[in-house]
Amino acid sequence: MQYIDNVIFLILLIVGFGLFAKSLKELYRNIKLGKEINRTDRPAERWATMARVALGQSKMVKRPIAGILHIFVYVGFVIINIELLEIIIDGIFGTHRFLQGVLGEAFYSFFTATLEILALLVVVAVVIFFIRRNFYGVKRLTMKELFGWPKQDANWILIIEFALMVAFFTMNGADYFADSDRFAGNFPISSHLFPFFQNMNVETLHIIEKFAWWFHFVGILFFMNYLYYSKHLHIIFAFPNTWFANLEKKGKFNNLDSVTREIKLMMDPNADPYAAPAGGAEDAPSKFGAEDIFDLNQHQLLSAYSCTECGRCTSVCPANITGKKLSPRAIMMKTRDRLEEVGKNINKNGKFVDDGRKLLNDYITKEELWACTTCNACVEACPVLIDPLSIIFEMRRFLVMEQSAAPQELNLMMTNVENNGAPWQYNQADRLNWAKD
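In this text, all values refer to a predicted model and were calculated from it rather than measured experimentally. (Residues numbered from 1 in each chain as written. Predicted model: local features only at pLDDT ≥ 70, side-chain atom pairs only at ≥ 80, totals over all residues. Heavy atoms only, no water.)

Quick look at the environment of Asn225 now. By secondary structure assignment, the location of Asn225 is in helix 9 (residues 202-226). Once you skip the residues sitting within four places of it in the chain, Asn225 turns out to touch Gly16, Leu19 and Phe20. From its side chain, Asn225 meets the backbone nitrogen of Phe20 in a polar contact 2.9 Å long. (Helix = DSSP H or I, 4+ residues; strand = E, 2+ residues; numbered from the N terminus. Contact = heavy atoms within 4.5 Å. Polar contact = N/O pair within 3.5 Å; in protein donor to acceptor, adjacent residues only side chain to side chain.)

Have a look at this one:
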């Protein structure tokens, strides 16, 4: 019987991790659909940024209540799953609490007690988060872009985490009361959480412990593969996203090499305007700005998968606060939705087949794009260094440079800059007339 359990366990383990690896491969392929961008400069600063922001959660605690609760879930859930190593060894080889013999009696007691305290903090945090999200009415958690699947997804995550922690406590409690002398674990929570276990016989407790053990293991595999469909991908992608983040000063926009080259040609009387671009024909852009996800860079697509949908960006957006249609969070969610649509297209056809849809207009409207004031509030607020403004800017660049579809006010300003060297509609020679009045 034990041999059959080991085989079933091994099959589930291989299938679970295999499906997870397949999902990661698809995500990597989708991200690679974007344009390459070199973000390997200043490596020491990048490692420090990742350690501070992704690992240290430095930007989360700017809103202390939500930030501290998130740290409880983050630290607790990650450390508790160190026990997954023990579960894997026990499941493959048929041992029971393998780490007890490796760590020693004293340290194993400290280890199990620490896990139980962290698990309790996780339970407290997810219960508060569930109440806060569904009953407390926090504005950024009740906006229209969260209707439907995003709201269900967030609730399912909290329910799954709660269920896994309950299974963890049940497993420990049943094990403790079945034979507390058999191992050295210390269970300060589960030993008091299930007092009715004391009146059960050993066989029943072993069945309960085994059921909770299997539930916990299968639940972890399920949660791991659920990440592909969930906003909780940021558990994985927050780390590369912060490492590859833009380290330049906020508000510094990128220059197009092709435009810079043309200006240099205009300024150099000896330049050959018919000379090939320095990088060859492929150095000349086929399109200015971004119309679809293929026109965005790979870090922008990675950011779409890294978005936590927390809404901190939208809650500080002056355009959104004043009732305009723009929501920086929705920009990232819509980019991800379009990216997923393209990924399914590739899965179905073996390559991307034009579906007649674009990120611009089909997902993100011009009204949203032109509502942005480019203030960078959303960039500053994001806890994982996502930059919605960079996507907005590239799409506005496409509208202006490819479609000449800027608003009338902007067209007038650009005409004045071209003719008068300033955004005002009068001659350079008349600029100081106001001082003579």
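Let us keep going from here.
Turning next to helix 3 (residues 64-80). Between its first and last C-alpha atoms helix 3 spans 23 Å; for 17 residues at 1.5 Å apiece the expected length is 24 Å, and the two agree. Within helix 3, burial applies to Ala66, Gly67, Leu69, Val73, Gly76, Phe77 and Ile80. (Expected span 1.5 Å × (residues − 1). Buried < 20%, exposed > 50% of the residue type's maximum accessible area, 1.4 Å probe, protein only.)

The next point concerns the pattern of salt bridges. For the structure on display, the rule yields 18 salt bridges. As a salt-bridge pair, Lys287 and Asp295 come within 3.2 Å of each other at their nearest N and O atoms. On the basis of relative accessibility, which here comes to 13%, the residue Asp295 falls in the buried class. A salt bridge links Glu368 to Lys334; its shortest N-O distance comes to 2.9 Å. You can see Glu368 sitting in helix 17 (residues 366-371) and its partner Lys334 sitting in helix 15 (residues 328-349), a full 34 residues away along the chain. For Glu368, a relative accessible area of 1% gives the class buried. (Salt bridge = Lys/Arg side-chain N within 4 Å of Asp/Glu carboxyl O.)

Relative to the helices and strands, Asp90 resides in helix 4 (residues 83-93). Arg97 is the oppositely charged side chain nearest to the buried, salt-bridge-free Asp90, at an N-O distance of 6.7 Å. Look past the residues within four positions of Asp90 in its chain and what remains in contact with it is Thr95, His96, Arg97, Phe98 and Trp213. (Lys, Arg positive; Asp, Glu negative; His and termini not counted.)

This paragraph deals with the packing of helix 7 (residues 149-178) against helix 9. One way to put it is that helix 7 packs onto helix 9 with a least axis distance of 8 Å and a crossing angle of 150°. It follows that helix 7 is roughly antiparallel to helix 9 by the angle criterion. Judged by the sense of rotation from one axis to the other, the crossing of helix 7 with helix 9 is left-handed. Grouping the amino acids of the contact of helix 7 with helix 9 by side-chain chemistry returns 22 nonpolar, 4 polar and 4 charged. (Axes fitted to C-alpha atoms, helices over the stretch in contact; angles between N-to-C directions. Parallel < 35°, antiparallel > 145°, perpendicular 65-115°, else oblique. Left-handed = near helix turned anticlockwise from the far one by under 90°. Nonpolar A, V, L, I, M, F, W, Y, C, P; charged D, E, K, R; others polar.)

With that settled, the discussion passes to the environment of Pro43. The topology assignment puts Pro43 in helix 2 (residues 43-55). On the basis of relative accessibility, which here comes to 42%, the residue Pro43 falls in the partly exposed class. Spatially, the C-alpha atom of Pro43 lies 9.5 Å from that of Phe244, the residues being 201 residues apart in sequence.

Among the nonpolar cores identified, the biggest contains 87 residues, and Phe9, Ile80, Met165, Phe217, Leu326 and Met395 are the most heavily contacted of them. By residue number, the principal contributor to this core is helix 7, which donates 11 residues. (Core = buried A, V, L, I, M, F, W, Y, C linked by side-chain atoms within 4.5 Å.)

The final tally for this structure, using the stated rule, is 25 aromatic pairs. Taking 6.2 Å as the distance between ring centres and 40° as the angle between the ring planes, the aromatic pair formed by Tyr108 and Phe111 counts as tilted. One end of the pair, Tyr108, and the other, Phe111, are both in helix 6 (residues 105-136), 3 residues apart, so they sit about a helical turn from each other. The two residues Tyr108 and Phe111 agree in class, both being buried. With a centroid separation of 5.3 Å and an interplanar angle of 85°, the aromatic rings of Trp213 and Trp214 are classed as edge-to-face. Here Trp213 matches Trp214 in class, with each residue buried. A cation over an aromatic ring shows up here: Arg46 above the ring of Trp243, its NZ or CZ 5.8 Å from the ring centre. (Phe/Tyr/Trp six-rings, centres within 6.5 Å; stacked < 30°, edge-to-face > 60°. Lys NZ or Arg CZ within 6 Å of the ring centre and 35° of its normal.)

Turning next to the side chain of Arg46. By the secondary structure assignment, Arg46 is in helix 2. Using a relative accessible area of 1% as the deciding quantity, one classes Arg46 as buried. Polar side-chain contacts of Arg46 include one of 3.1 Å to the backbone oxygen of Arg39. Apart from the residues within four sequence positions on either side, Arg46 is in contact with Arg39, Thr40, Asp41, Trp243, Phe244, Ala245 and Leu247.

A positive phi angle is found at Arg97, which is not glycine, with a value near 50°. Turning to its location among the elements, Arg97 is positioned in the loop between helix 4 and helix 5 (98-103). The backbone of Asn361 shows a phi angle near 80°, a positive value even though the residue is not glycine. One can find Asn361 in helix 16 (residues 359-362). Residue Asn361 is classed as partly exposed on the basis of its relative accessible area of 45%.

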